[in-house]
Amino acid sequence: MTSDNVLTFEKTSFEEAVVIAKKGTHCGMCRFDFLGSGVCSAGRKHGFLAYWPQGRMEIAKQLDSGRIKPTEALKDIVNSCNFCGFCDKQCNFTTQLRPEKVARALKEYVDGLDESEFQKIPEDDILQGLREIVGEKWATNDPVIISSYTMTIVPRDAELNYYIVMPENTEQVSKIVKFAIKNNIPYQPRSGGTAFSAAAPTVLVKGISLEKGIIIDMYRLKKLEIHPESQTATVGAGITMFELQKEALGHKLRALAAEAGAHVCSNILTTGIISTWGNKYGAMADNFIDLTTVDEEGNIQKHSDWERKNPYSTEPGFTNLTLCPNFILTEAFVKLHPVWDDEKAVLVPFDNIRDAYRLLIKLGKRDVGLSLAVLSRKYLAEFLSPTLQISKDFNYVCKNYLKLNYVVAVVCNKDDKKIVEDMVDYTIDESLMKSLILGAPRFTSLRDSEFMKILSEEDDPLKAIFAGPMRKHLEKALDPSPENVAKVFDEDLQEFFTKVYSKPEMTDIVWLHAFRILPTRMMRQQMFMGPGAAMWTGDEDHYINWIKMFDEMGEKYNLEHTLGFISPLDHGKFAYMEYDYYYDHNNPDECERVSKSLIESMKETLVMGKGLTILNYLFKGIYRKEHVMYPIPEGISEEEEELFDELIDTVLGD
Amino acid sequence: MVKFLSEEWIEIGKNYMLEKLDPEKDLRSITTSLLGVVEHIPPDDITMNFYLELEDGKLKDFIVNTGNTFEEKEAIYEVRGNYGTYKSVLKGEMSLGIAVLKNRLKVKGSKLQALKLIKPLDGVIVALTEITDEFED
Ligand SMILES: Cc1cc2nc3c(=O)[nH]c(=O)nc-3n(C[C@H](O)[C@H](O)[C@H](O)COP(=O)(O)OP(=O)(O)OC[C@H]3O[C@@H](n4cnc5c(N)ncnc54)[C@H](O)[C@@H]3O)c2cc1C
């Protein structure tokens with residue numbers, strides 16, 4: 001840090017830091033280098049979440065609320081930050097927060113404490129046992145470090161009766177499990193925390209989090225080998241989707257893509273990787289060749305072990321619910337897919353969902369394209385816009401003037417592109433998408449412009465803008481350039497963002513589809529809960545009615561709500577849909593309403609039938625999709641409905 | 001002091017359930033049997049089980065055994081889990097339903113039928129929670 005940096009730095013009070021910290025949504029994007037900015041060195045060196053920007057924010061909150069008192073480890077945590085500012089760049093890109101301000105305020109707060117205020121936390125027998133397995137540095141019972149895992153495995157109101165351990169390999173995981181069993185202590189793995197963070201403010205927290213015991217942080221299982229000749233990769237449980245994708249691309253290969261910060265192993269196990277690439281690349285057990293697991297007794301097994309019980313069998317039906325993994329996945333041998341030179345993205349705009357859905361399913365059934373999805377206007381707005389306000393303006397302009405409510409987004413080779421283009425009147429091409437990304441800030445000034453008013457009076461505004469004379473006016477009005485996007489970021493970050501937005505991949509729709517660095521923008525200082533399901537596509541009305549049901553649920557509970565995406569699966573026979581409810585995770589009333597909408601919409605889905613809810617999906621990723629999705633589920637009976645209510649009541653109610 | 005899985009636990013548990021649980025209201029007149037297998041019991045890491053049978057909501061049998069199985073009677077359901085999990089359930093820290101959903105307790109038998117038992121079994125658990133106050137460390 002130069003003295004200049006010190007001089008330009010505006011001081012943030014601890015109270016202001018806490019306000020920033022509360023807006024954090026634990027997306028985990030600060031734990032890998034997705035912008036080429038570099039990544040937090042303290043986090044990489046020390047591993048525990050407390051040393052990452054995300055963890056420091058959580059600690060500030062916990063100190064402020066009085067849930068934790070300063071400990072010796074806290075000094076080490078604040079001193080480990082070198083204020084490099086990488087986290088500000090990363091976090092600003094996704095959520096517009098400044099974690100470094102929190103880190104500075106936290107350090108100042110800690111520096112101001114008297115030496116006598118720091119507690120020494122003694123080592124107990126359990127900690128000693130864990131340290132014997134992983135080494136002194138990689139296990140802790142420090143409440144400050146434990147508290148940094150709040151909202152991503154530790155519930156916000158839990159007593160901090162935990163240990164955290166960071167194994168380096170499968171053998172150590174096995175020893176930890178055996179040790180936990182011997183001492184009758186519950187344990188649970190934690191990877192990227194992205195599923196935990198989405199569940200934490202809701203009713204699901206009880207079932208999904210660990211109530212006490214040993215948190216096994218999988219970060220250090222960093223093995224990553226690409227095998228180009230067999231188009232496969234060996235992936236340790238600490239590797240994120242982004243890291244695998246990046247390494248694979250170096251060999252002109254691609255993994256089935258999902259959330260960038262989710263760990264690959266955890267994603268395989270949790271949801272079987274729900275992805276827009278799923279119709280082509282598969283889902284659940286299609287993803288892998290082999291898995292290395294540690295079972296509940298601590299035994300290490302591989303799926304390929306000779307004479308083992310069929311690891312793919314799973315019970316069908318709505319009662320097959322699980323909110324925790326049955327074993328720990330430490331390594332996966334996954335399939336990769338070729339990246340073609342002629343890959344292109346085509347987007348087809350729609351004003352209504354039925355037509356968009358119809359095209360999507362037609363393409364899915366014909367196996368056209370590599371990645372296929374209906375994306376809602378809200379998704380486009382969130383993903384493409386650099387700030388929350390711009391996303392609102394983008395959404396407004398698309399809704400009120402352009403009538404752009406959905407796009408069918410297709411990534412495909414040039415032959416398939418031709419097929420898509422032959423099926424529709426007009427498309428949004430890559431160059432226009434680039435303009436929308438680099439010109440997004442202009443949506444604010446377009447909001448009430450004459451140009452937009454004239455456009456909205458056209459019979460078919462979409463056609464006028466995407467296939468007619470208005471297109472060049474729009475491009476001109478957007479005035480797209482890296483500099484113009486960068487201007488919406490904080491002044492000290494503008495130079496950096498000009499460089500970021502000058503990189504070809506930042507406007508390359510194919511790259512963005514595969515690397516998924518934009519979806520966490522949905523968690524910009526607010527949370528979302530995305531219930532949904534894989535629904536049979538044989539009955540179009542049934543599918544559309546089901547979307548309506550989610551819509552009505554959002555209205556009933558007075559939540560911001562909208563369709564997220566629809567993506568076909570299994571040659572278009574099913575399509576996964578996510579419907580999102582957005583809410584303030586710091587507002588208990590909103591959290592409760594989201595919980596109710598989640599449970600009720602799940603029940604409605606089961607009653608309607610022909611689909612599997614997200615909860616039925618959870619932790620089924622290691623099985624064959626055929627065993628999970630077939631036979632196509634019938635709607636549940638009235639008696640089963642009552643049982644469902646009782647289950648929910650006993651399990652989740654207080 | 002009644003220790004989980006002791007002879008006394010069985011005796012007091014039986015009496016408590018007979019006296020305090022209404023076969024119709026609390027136990028919904030169910031007829032079922034359940035084998036609870038408790039694994040990794042400290043300090044010697046042994047396994048024990050308890051067999052519980054209800055007929056029309058009335059307690060018919062409640063027996064504790066050592067080992068993995070109960071040879072004399074075949075239970076309709078088997079609920080298997082670690083000592084620590086049973087301890088959490090009997091201390092009221094975790095509901096039976098959550099323990100099942102978290103995979104801490106594994107149910108063998110029809111899941112749908114097992115669901116029907118959740119409510120009535122809650123009554124049994126509450127009864128056992130009331131009487132159990134000593135566990136192995
Ligand atoms: C913005 C956003 C976008 C998302 N998009 C997608 C998407 O496109 N597709 C999709 O499928 N999901 C998506 N998700 C959901 C989430 O990313 C997945 O559920 C993912 O599997 C979670 O991975 P994680 O590493 O963050 O796991 P965590 O949140 O750390 O853990 C999730 C669960 O898995 C268990 N677990 C963690 N690691 C292991 C392991 N090694 N072995 C066994 N169990 C383990 C944990 O105990 C926990 O129960 C999204 C979530 C967010 C917030």
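Analysis parameters
Residues numbered from 1 in each chain as written. Chains lettered and ligands numbered in written order. Predicted model: local features only at pLDDT ≥ 70, side-chain atom pairs only at ≥ 80, totals over all residues. Heavy atoms only, no water. Helix = DSSP H or I, 4+ residues; strand = E, 2+ residues; numbered from the N terminus. Rg over C-alpha atoms; globule rule 2.2 N^0.38 Å. Buried < 20%, exposed > 50% of the residue type's maximum accessible area, 1.4 Å probe, protein only. Contact = heavy atoms within 4.5 Å. Areas by Shrake-Rupley, 256 points an atom, 1.4 Å probe, with all protein chains shown as cover. Pairing = 2+ DSSP bridges. Axes fitted to C-alpha atoms, helices over the stretch in contact; angles between N-to-C directions. Domains from an automatic or database assignment. Phe/Tyr/Trp six-rings, centres within 6.5 Å; stacked < 30°, edge-to-face > 60°. Near = heavy atom within 4 Å. Polar contact = N/O pair within 3.5 Å; in protein donor to acceptor, adjacent residues only side chain to side chain. Core = buried A, V, L, I, M, F, W, Y, C linked by side-chain atoms within 4.5 Å. Buried area = accessible area lost by both parts, 1.4 Å probe. Salt bridge = Lys/Arg side-chain N within 4 Å of Asp/Glu carboxyl O. Parallel < 35°, antiparallel > 145°, perpendicular 65-115°, else oblique. Left-handed = near helix turned anticlockwise from the far one by under 90°. Nonpolar A, V, L, I, M, F, W, Y, C, P; charged D, E, K, R; others polar.

Re the overall build of chain B
No. 1: The helix and strand inventory of chain B stands at four helices and five strands.
No. 2: The order of α-helices and β-strands along chain B, N terminus first, is α-β-β-β-β-α-α-β-α.
No. 3: Scaling as 2.2 N^0.38, a compact globule of 137 residues should have a C-alpha radius of gyration of about 14 Å, and chain B matches this with 14 Å.
No. 4: Structurally, chain B occupies a C-alpha span of about 40 × 30 × 30 Å along its principal axes.
No. 5: The buried share of chain B, reckoned over its 137 residues, is 52%.
No. 6: Across chain B, the fraction of contacts at a sequence separation of at least 24, relative to all contacts at a separation of at least 6, is 62%.
No. 7: With an accessible surface of roughly 6600 Å², chain B has 48% of that area assigned to carbon and sulfur atoms.

Topic: the sheet that holds strand E5 (residues 105-108) of chain B
All names here are of chain B.
No. 1: Sheet architecture is open: five strands sit in the order E3-E2-E1-E4-E5, paired in mixed fashion. With partners counted over all chains shown, the strands left at the sheet margins are strand E3 (58-66) and E5, one partner each. Each strand of the sheet is rotated relative to its neighbour by a mean of 15 degrees, with strand direction disregarded.
No. 2: Pairing of strand E4 (residues 77-82) with E5 involves four bridges; the strand directions are antiparallel. Looking at E5, one finds that Arg80 is bridged to Lys106.
No. 3: Here helix H2 (residues 83-90) sits on the sheet in contact with strand E1 (32-41), strand E2 (46-55), E4 and E5, set at roughly 105 degrees to E4.

A closer look at the domain arrangement of chain A
No. 1: Segmenting chain A into domains produces domain 1 (3-117), domain 2 (125-217) and domain 3 (342-524).
No. 2: For domain 2 of chain A versus domain 3 of chain A, the distance between C-alpha centres works out to 41 Å.

Topic: the sheet that holds strand E6 (residues 232-236) of chain A
Residues and elements named next belong to chain A.
No. 1: Pairing is antiparallel in the open sheet, where five strands are placed in the order E5-E6-E10-E8-E9. Strands at the two margins of the open sheet, each flanked by one partner only, are strand E5 (224-227) and strand E9 (300-302). Going across the sheet, the axis of each strand differs from the next one's by a mean of 10 degrees, ignoring polarity.
No. 2: In this structure, E5 lies alongside E6, joined through four bridges in antiparallel fashion. The residue of E6 that forms the bridge with Ile226 is Ala233.
No. 3: Contacts between helix H10 (residues 170-182) and the sheet are confined to strand E8 (288-294), E9 and strand E10 (328-335), with E8 contributing the most and set at about 40 degrees to the helix.
No. 4: Running at roughly 95 degrees to E10, helix H14 (residues 264-271) makes contact with E6, E8 and E10 of the sheet.

Observations regarding the side chain of His40(B)
No. 1: Relative to the helices and strands, His40(B) resides in strand E1.
No. 2: Ignoring sequence-local partners within four residues, the contact set of His40(B) consists of Ile181(A), Asn184(A), Glu297(A), Asp45(B), Ile46(B), Thr47(B), Asn82(B) and Tyr83(B).

Notes on the environment of Val165(A)
No. 1: Structurally, Val165(A) is set in strand E2 (residues 162-165).
No. 2: Put simply, Val165(A) and Thr140(A) are 25 residues apart on the chain and 6.6 Å apart in space, counted from C-alpha to C-alpha.

Remarks on the packing of aromatic side chains
All names here are of chain B.
No. 1: Within this structure, the stated rule accounts for 38 aromatic pairs over all chains.
No. 2: Measuring from centroid to centroid gives 5.1 Å for Phe4 and Trp9, while their planes differ by 80 degrees, and the two rings are edge-to-face. Taken individually, Phe4 and Trp9 each receive the classification buried, so the pair is uniform in this respect.
No. 3: Relative to Phe135, the ring of Tyr83 has its centre 6.5 Å away and its plane inclined at 75 degrees; by these criteria the two rings are edge-to-face. Taken together, the positions of Tyr83 in helix H2 and Phe135 in the segment after helix H4 (111-131) put the pair 52 residues apart, joining distant regions of the chain. Each member of the pair, Tyr83 together with Phe135, is buried.

Some details on the site of the ligand
All names here are of chain A.
No. 1: Lining the immediate environment of the ligand, one finds 31 residues, of which Pro189, Ser191, Thr194, Thr271 and Ile274 sit closest.
No. 2: At a separation of 2.8 Å, an oxygen atom of the ligand approaches a polar backbone atom of Gly193.
No. 3: Note that a nitrogen atom of the ligand is positioned 2.8 Å from one of the backbone N or O atoms of Leu329.
No. 4: Those elements that provide at least two residues to the shell around the ligand are strand E3 (187-190), helix H11 (194-199), H14 and E10.

As for the nonpolar core
No. 1: Ranked by size, the top nonpolar core spans 239 residues in total, and within it Ile214(A), Leu244(A), Val408(A), Phe497(A), Tyr501(A), Ile517(A) and Ile566(A) carry the most contacts.
No. 2: The leading source of residues in this core is strand E18 (residues 574-583) of chain A, at eight residues.
No. 3: In this structure Leu244(A) touches Leu224(A), Ile226(A), Ala233(A), Val235(A), Ile239(A), Ala255(A), Val264(A), Val334(A) and Leu336(A), once residues within four positions along its chain are discounted.
No. 4: The next biggest cluster of nonpolar side chains, apart from the first, holds 40 residues, and it includes Met48(B), Leu54(B), Val64(B) and Leu96(B).

Description of the interface of chain A and chain B
No. 1: Counting from both sides, the interface comprises 31 residues of chain A and, opposite them, 25 residues of chain B.
No. 2: For the pair chain A and chain B, the two sides together bury roughly 2400 Å², of which 52% comes from carbon and sulfur.
No. 3: Run the count over chain A and chain B and you get four salt bridges.
No. 4: Put simply, Glu211(A) and Arg104(B) hold a salt bridge, and the shortest N to O gap is 2.9 Å.
No. 5: Only helix H12 (205-208) and helix H32 (638-652) of chain A provide two or more residues apiece to the side of chain A that touches chain B.
No. 6: In terms of residues, the side of chain A that touches chain B owes the most to one element, H32(A), which gives eight residues.

Some words on the pairing of strand E14 (residues 406-412) of chain A
Residue and element names in this part refer to chain A.
No. 1: Most of E14 is tucked away, with seven of its seven residues classed as buried.
No. 2: Of the two faces of E14, the one holding Tyr406, Val408, Val410 and Cys412 and the one holding Val407, Ala409 and Val411 are both buried throughout.
No. 3: Across seven bridges, strand E12 (residues 344-350) lies against E14 in antiparallel orientation. Counterpart to Leu347 in the pairing with E14 is Ala409.
No. 4: Relative to E14, strand E13 (residues 371-376) is paired through six bridges, and the arrangement is antiparallel. Across the sheet, Val374 pairs through a bridge with Val408, a residue of E14.

What about the packing of helix H4 (residues 53-65) of chain A against helix H7 (residues 99-111) of chain A?
Residues and elements named next belong to chain A.
No. 1: Where H4 meets H7, the axes come as close as 9 Å, and the angle between the chain directions of the two elements is 50 degrees. Here H4 is positioned oblique relative to H7, judged by the angle of their axes. Seen along the crossing, H4 lies across H7 with a hand that is left-handed. Side by side, H4 and H7 meet where Pro53, Arg56, Met57, Ile59, Ala60 and Leu63 of the first sit next to Pro99, Val102, Ala103, Leu106 and Tyr109 of the second.
No. 2: For the contact of H4 with H7, the per-class residue count stands at 10 nonpolar, no polar and one charged.

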